[in-house]
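Observations on the three-dimensional arrangement
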Amino acid sequence: MRAERGSERGTATEADRMAAAEHGVPPDPSGTAAGAPAYARARTLEEALAVLAGGPAATGDPRPVVLAGGTDLLTLWRRHRRQPSRLLDIGRLDALQGMGPDAEGGWRIGALVTLSELARAGALPPAYQALAEAAAASATPALRNRATLGGNLEQRVRCWHYRSGLPCRFAGDDHCSCAAPEAAAPFQAIFGHGPGEPGEGCGAVHPSDPAVALTALGAEVELARWEAGRITRRRVPVDAYFTGRPTAGAPGLTVRRPDELVTAVVLPPLAEPSASTYRKVMDRRVWQFALVSLAAWVRWAPGPVVGAVRLALGGVALKPWRLEAVEAWLRGRALDGATAWEAGERAVEGARPLAGSGFKVELVRSLVADTLQDLADRAATT
Ligand SMILES: Cc1cc2nc3c(=O)[nH]c(=O)nc-3n(C[C@H](O)[C@H](O)[C@H](O)COP(=O)(O)OP(=O)(O)OC[C@H]3O[C@@H](n4cnc5c(N)ncnc54)[C@H](O)[C@@H]3O)c2cc1C
């Protein structure tokens, strides 16, 4: 383990500049807003997991915070929202690199694979096209070169209230200010924040594009930890990975334990003929989080009749929002214009817009209808 104090990797410069513009506040010129944390670089997965397993009970030291590409973590550090006293850099772990077919006929993607690698033409088999499109639609080229898939799934919400230091349960406060009527903002949720729901009282949405695509593709997140002197792994379906619950620290937005690392994402085999796609609506074409997005995967029965389908929305809830009722309705139906239109109508049933997010209802309705119609048109011409 290489340890350095106050090592400045200088990796978050663009992220910090962009985040500053996004929030209308100048970046911290010193780059050391909260004092420099102790820095250590893990050389092996075993070493990294053993350090995370140590934890406060074993050593008296706080558990280190994992650093991958740094595009989210260092931005939050510079904004005083996260102030780790120890960083554990996993960015060079060979065990978390690379992607390719797995023994079960699916596709395994290491947690350190960057969004640029995922977006590269031909890097993923055609059935997983939604993931390539989601990665390509994320952030900017420079950020995608550093941003890892594992970090993308573990990033914090982009809620302006959280990032600006306003009351927020993600920061340990007893309530969120972002769902209040006077907080009207276009980022707000339309699903999952009502009474009795996990996101009750929080208006934030999950920021990840890849997470939405992975939900529609039926992926699993592989987690590893150090237990009884060896690596223990478990897999969690992406659907269950995101809690949709605003909680400070870990477990927070995901079910990952504090001593676990995301080691890979595993895509299931997707039998032909199937197709997937990702559509993202932004208020400008680059460097924006989704106002709303949709990932769709369809396996065709002859027709084109929908044999199997998974639909997930982004930008509408604190987790990728699965449209299971719409999926059930679509199964066995011929997908034409009328069916696609009706699916759009059904997609917004139960929507509960907040003061600033009413426009998302119409966006979702049109996005679902248009995307399904396009998938049907593509199937008809191939
Ligand atoms: C200006 C800007 C625009 C952006 N736009 C988009 C967008 O449009 N769409 C989108 O999806 N994302 C967007 N992002 C988010 C970006 O994709 C993420 O910041 C990035 O993917 C995080 O990856 P990282 O490797 O840099 O993670 P880091 O910043 O290093 O880490 C992020 C978090 O994940 C944890 N972590 C990292 N790796 C692991 C692991 N293997 N196991 C367990 N925990 C881990 C860290 O401890 C930290 O809590 C944007 C970011 C910025 C700054």
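Conventions we followed
- Residues numbered from 1 in each chain as written.
- Predicted model: local features only at pLDDT ≥ 70, side-chain atom pairs only at ≥ 80, totals over all residues.
- Heavy atoms only, no water.
- Helix = DSSP H or I, 4+ residues; strand = E, 2+ residues; numbered from the N terminus.
- Buried < 20%, exposed > 50% of the residue type's maximum accessible area, 1.4 Å probe, protein only.
- Contact = heavy atoms within 4.5 Å.
- Areas by Shrake-Rupley, 256 points an atom, 1.4 Å probe, with all protein chains shown as cover.
- pLDDT = per-residue confidence, 0-100.
- Core = buried A, V, L, I, M, F, W, Y, C linked by side-chain atoms within 4.5 Å.
- Near = heavy atom within 4 Å.
- Polar contact = N/O pair within 3.5 Å; in protein donor to acceptor, adjacent residues only side chain to side chain.
- Nonpolar A, V, L, I, M, F, W, Y, C, P; charged D, E, K, R; others polar.

**Concerning the overall build of the protein**
Along the backbone of the protein there are 13 helices and 13 strands. For the protein, the proportion of its 382 residues judged to be buried stands at 52%. Considering only residue pairs separated by 6 or more positions, the protein has 65% of its internal contacts joining residues 24 or more positions apart. Per element, the accessible surface of the protein, about 15,800 Å² overall, is 53% carbon and sulfur.

**So, the confidence of the model for the protein**
Detailed conclusions should not be drawn from predicted coordinates in areas where pLDDT is low. Taken over all residues, the pLDDT of the protein has a mean of 89, while the share at 70 or more is 88%. Between residues 4-12, whose pLDDT stays under 50, and residues either more than four places distant or in other chains, the model counts 23 contacts. When the criterion is pLDDT under 50, residues 19-34 qualifies, and its contacts beyond four places in sequence or with other chains add up to 29 contacts.

**Focus on the nonpolar core**
Judged by nonpolar contacts, the single largest core of 52 residues is most densely connected at Ile-90, Ile-109, Leu-118, Leu-131, Leu-214 and Leu-267. No other element matches helix α9 (residues 209-217), which puts six residues into this core. Apart from residues lying up to four places away in sequence, Leu-267 is in contact with Gly-106, Trp-107, Ile-109, Tyr-128, Leu-131, Leu-214, Leu-217 and Ala-219. Counting residues in each nonpolar core, the second largest holds 30 residues, with Ala-317, Trp-329, Leu-330 and Ala-343 among its members.

**Re the site of the ligand**
The environment of the ligand is made up of 36 residues, and the closest members are Val-66, Thr-71, Arg-82, Thr-148 and Asp-209. Contact distances for the ligand include 3.1 Å between an oxygen atom and a backbone N or O atom of Gln-288. The fraction of the free accessible surface of the ligand (960 Å²) that becomes covered by protein chains is 99%. The leading source of residues in the shell around the ligand is helix α7 (residues 149-154), at four residues. The residue inventory of the shell around the ligand, partitioned by class, reads 19 nonpolar, eleven polar and six charged.

**A few points about the environment of Arg-79**
For Arg-79, the position within the fold is in the loop between α3 (73-78) and β4 (86-89). We classify Arg-79 as buried; its relative accessible area is 16%. Taking the C-alpha atoms as reference points, Arg-79 and Arg-163, separated by 84 residues in sequence, lie 7.3 Å from one another.

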